Amino acid sequence: MQALTIDQDYLQNTLMPLLTIPSPAGMTDSVVQWVCHELENLGIEYELTRRGAIRANLYGRQNSPDRAIAAHLDTLGAIVRKYKANGRLEIASIGTWPARSAEGARVTVFTESGRTYRGTILPKKASGHTYGSEVDKQEASWNNLELRLDHTLSCAEDLEAAGINVGDIIAVDPQPEFCANGFWVSRFLDDKAGAAALLAAAKAIKEHNQPLEMDCHLLFTISEEVGVGASHILHGDVAELLAVDNGTIAPEQNTSEYGVTIAMQDSSGPFDRHLTHHLIDLCKEHRLEFSRDVFRYYRSDAAAALEAGSDIRTGLICFALDASHGYERTHQSSVTTVAQLLTLYMQSGPLFHRDEHALGPLQDFPSDDL
């Protein structure tokens, strides 16, 4: 096993198109097609589920049991909920994100006819020249938001005539900016940065012709933000699932801003102790900057897989993210360290050979001693 160099240009040049392709949950076909073409460029085989989740395959000496690593391609967004008499639109969120973070967002409405409309999400009381201090007193709530379209629309009939329908999906502009000092700022770094890290790690494995001890499936899911995630993409011989997602920067958290964060627990409960400490040992052995953290209001692809009935060991590693589900910021070194840890995990052997079988005896079952 060896630490592999991550191609920094590839990492950044992969993240930018991922960010700019609109992919709110429910409208992910275009980003799925882009990732599939990129896997083809890397010479990696893949399969698609009916709805478009991707399972790519890196082959190892052992094909069962195997492991999987998941990152999600879907993002937050909004949906048309109702026409308003003034020609604006009531909207509802896709995924869980604060109305305060949506205020002022520039967006595109995708209609079923293929026509698109640009607009801005605004609070109902948006003009300080009209409402004065009431602008700051109104509750930050999705019920207090509306969508102003940049089109000649003055009533509900105009909206209908324009071909806008209830249920049309609204994609929010990511507004990416990559700073020279390594800070990356954009909406939807959660989890486009995780997907870029996974692709960059796979590229390193392929280019170094690095042998793997066991098959590793790269999963790109399309509905994590709405709670479905990796629930429908695993097959029976996957024994370990590692999710890649964000770790939040906040005074109450212990996330590493420039390294990788090993999640010990999220809102769905503790992660597998053996897998988690295996990841910690890899960081220590190869001197990767890392921290451990617990996330109380957050769950990942791993939780969805367990809830779907998969009997697997799960873990979560995170790149740093400030202002999660808002206008987010990470650092290049954090995403790079995540990719480096992924290459090491891909090369490592199975945690337990007994995991080849869904059921087995007590004799070779591990203890709580690590």
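That block above? That's the structure.
Residues numbered from 1 in each chain as written. Predicted model: local features only at pLDDT ≥ 70, side-chain atom pairs only at ≥ 80, totals over all residues. Heavy atoms only, no water.

### A closer look at helix α8 (residues 273-285)
Part 1 of the reasoning: Between its first and last C-alpha, α8 extends 18 Å over 13 residues, near the 18 Å set by a 1.5 Å rise per residue.
Part 2 of the reasoning: Those residues of α8 lying buried are H274, L275, T276, H278, L279, I280, L282 and C283.
Part 3 of the reasoning: Buried residues along α8 sit in contact with β13 (238-249), β14 (260-266), β16 (290-294), β17 (313-322) and α10 (332-347).
Part 4 of the reasoning: Looking at where α8 begins, the residue whose side-chain oxygen comes 3.1 Å from the main-chain nitrogen of H274 is D272.
Part 5 of the reasoning: Following α8 by one or two positions, R287 has its phi on the positive side, about 55°. (Helix = DSSP H or I, 4+ residues; strand = E, 2+ residues; numbered from the N terminus. Expected span 1.5 Å × (residues − 1). Buried < 20%, exposed > 50% of the residue type's maximum accessible area, 1.4 Å probe, protein only. Contact = heavy atoms within 4.5 Å. Polar contact = N/O pair within 3.5 Å; in protein donor to acceptor, adjacent residues only side chain to side chain.)

### A word on unusual backbone geometry
As a rule of thumb, non-glycine residues mostly have phi less than zero, and peptide bonds are mostly trans rather than cis.
Part 1 of the reasoning: Residue P65 is bonded to the preceding S64 through a cis peptide linkage, with omega at -5°.
Part 2 of the reasoning: Considering the arrangement of structural elements, one finds P65 in strand β3 (residues 62-72).
Part 3 of the reasoning: Here D190 and D191 are connected by a cis peptide whose omega angle stands at 5°.
Part 4 of the reasoning: Within the secondary structure, D191 is located in helix α7 (residues 189-207).
Part 5 of the reasoning: Unusually for a residue other than glycine, Q175 sits at a positive phi of about 55°.
Part 6 of the reasoning: Here Q175 lies in the loop between β9 (169-172) and β10 (177-178).
Part 7 of the reasoning: Of the residues examined, Q175 reaches a relative accessible area of 45% and is grouped as partly exposed.
Part 8 of the reasoning: With a phi angle near 50°, N209 is a residue other than glycine that sits in the positive phi range.

### Describing the packing of α7 against α10
Part 1 of the reasoning: Interaxial distance between α7 and α10 falls to 8 Å at its minimum, and their mutual angle equals 50°. For the element pair α7 / α10, the angle class is oblique. Our pair here, α7 against α10, has a crossing hand that is right-handed. Mapping the contact onto sequence places A193, A197, L198, A201, A202, A204 and I205 in α7 and V335, V338, A339, L342, T343, M346 and Q347 in α10.
Part 2 of the reasoning: When its residues are assigned to classes, the contact of α7 with α10 shows twelve nonpolar, two polar and no charged. (Axes fitted to C-alpha atoms, helices over the stretch in contact; angles between N-to-C directions. Parallel < 35°, antiparallel > 145°, perpendicular 65-115°, else oblique. Left-handed = near helix turned anticlockwise from the far one by under 90°. Nonpolar A, V, L, I, M, F, W, Y, C, P; charged D, E, K, R; others polar.)

### Examining the pairing of β9
The two faces of the sheet receive side chains in turn, since in a regular strand these alternate between them.
Part 1 of the reasoning: Because side chains alternate across β9, one face comprises the buried residues I169 and A171, and the other comprises I170 and V172, equally buried.
Part 2 of the reasoning: Bridging between strand β4 (residues 77-83) and β9 involves two bridges; their strand directions are antiparallel. Within β9, the residue paired with I79 across the bridge is I169.
Part 3 of the reasoning: Pairing of strand β6 (residues 106-110) with β9, which is carried by four bridges, proceeds in the antiparallel orientation. When the bridges of β9 are listed, V109 appears paired with I170. (Pairing = 2+ DSSP bridges.)

### Notes on the environment of D266
Part 1 of the reasoning: Relative to the helices and strands, D266 resides in strand β14.
Part 2 of the reasoning: Counting along the chain gives 168 residues from D266 to P98, while the straight-line C-alpha distance between them is 20 Å.
Part 3 of the reasoning: Not counting chain neighbours up to four residues away, the residues in contact with D266 comprise F271, F295, Y298, R299 and S300.
Part 4 of the reasoning: At 2.5 Å, the side chain of D266 forms a polar contact with the side chain of S268.

### Observations regarding the pattern of salt bridges
Oppositely charged side chains are able to pair whenever their charged atoms sit close together.
Part 1 of the reasoning: In total, this model carries 15 salt bridges according to the counting rule given.
Part 2 of the reasoning: A salt bridge links E213 to R61, with the shortest nitrogen-to-oxygen separation between them at 2.5 Å. With E213 in the loop between α7 and β12 (214-221) and R61 in the loop between β2 (54-58) and β3, this residue pair connects regions lying 152 residues apart in the sequence.
Part 3 of the reasoning: Classification of E213 as partly exposed rests on a relative accessible area of 32%.
Part 4 of the reasoning: The salt bridge partner of E134 is K125, with a shortest N-O separation of 2.8 Å.
Part 5 of the reasoning: Connected via shared salt-bridge partners are D7, K203 and E207. (Salt bridge = Lys/Arg side-chain N within 4 Å of Asp/Glu carboxyl O.)

### Re the packing of aromatic side chains
Part 1 of the reasoning: Within this structure, the stated rule accounts for four aromatic pairs.
Part 2 of the reasoning: Its end group placed over the ring of Y10, K203 keeps NZ or CZ at 5.3 Å from the ring centre.
Part 3 of the reasoning: The ring of F183 carries the charged tip of R329 above its face, separated from the ring centre by 4.0 Å. (Phe/Tyr/Trp six-rings, centres within 6.5 Å; stacked < 30°, edge-to-face > 60°. Lys NZ or Arg CZ within 6 Å of the ring centre and 35° of its normal.)

### Considerations on the side chain of T337
Part 1 of the reasoning: By the secondary structure assignment, T337 is in helix α10.
Part 2 of the reasoning: On the accessibility criterion, T337 (8% relative accessible area) is buried.
Part 3 of the reasoning: Setting aside residues up to four positions removed in sequence, T337 forms contacts with Y258, G259, V260, L288 and E289.

### Topic: the environment of S223
Part 1 of the reasoning: Looking at the secondary structure, you find S223 in the loop between β12 and β13.
Part 2 of the reasoning: Overall, S223 belongs to the buried group, its relative accessible area being 3%.

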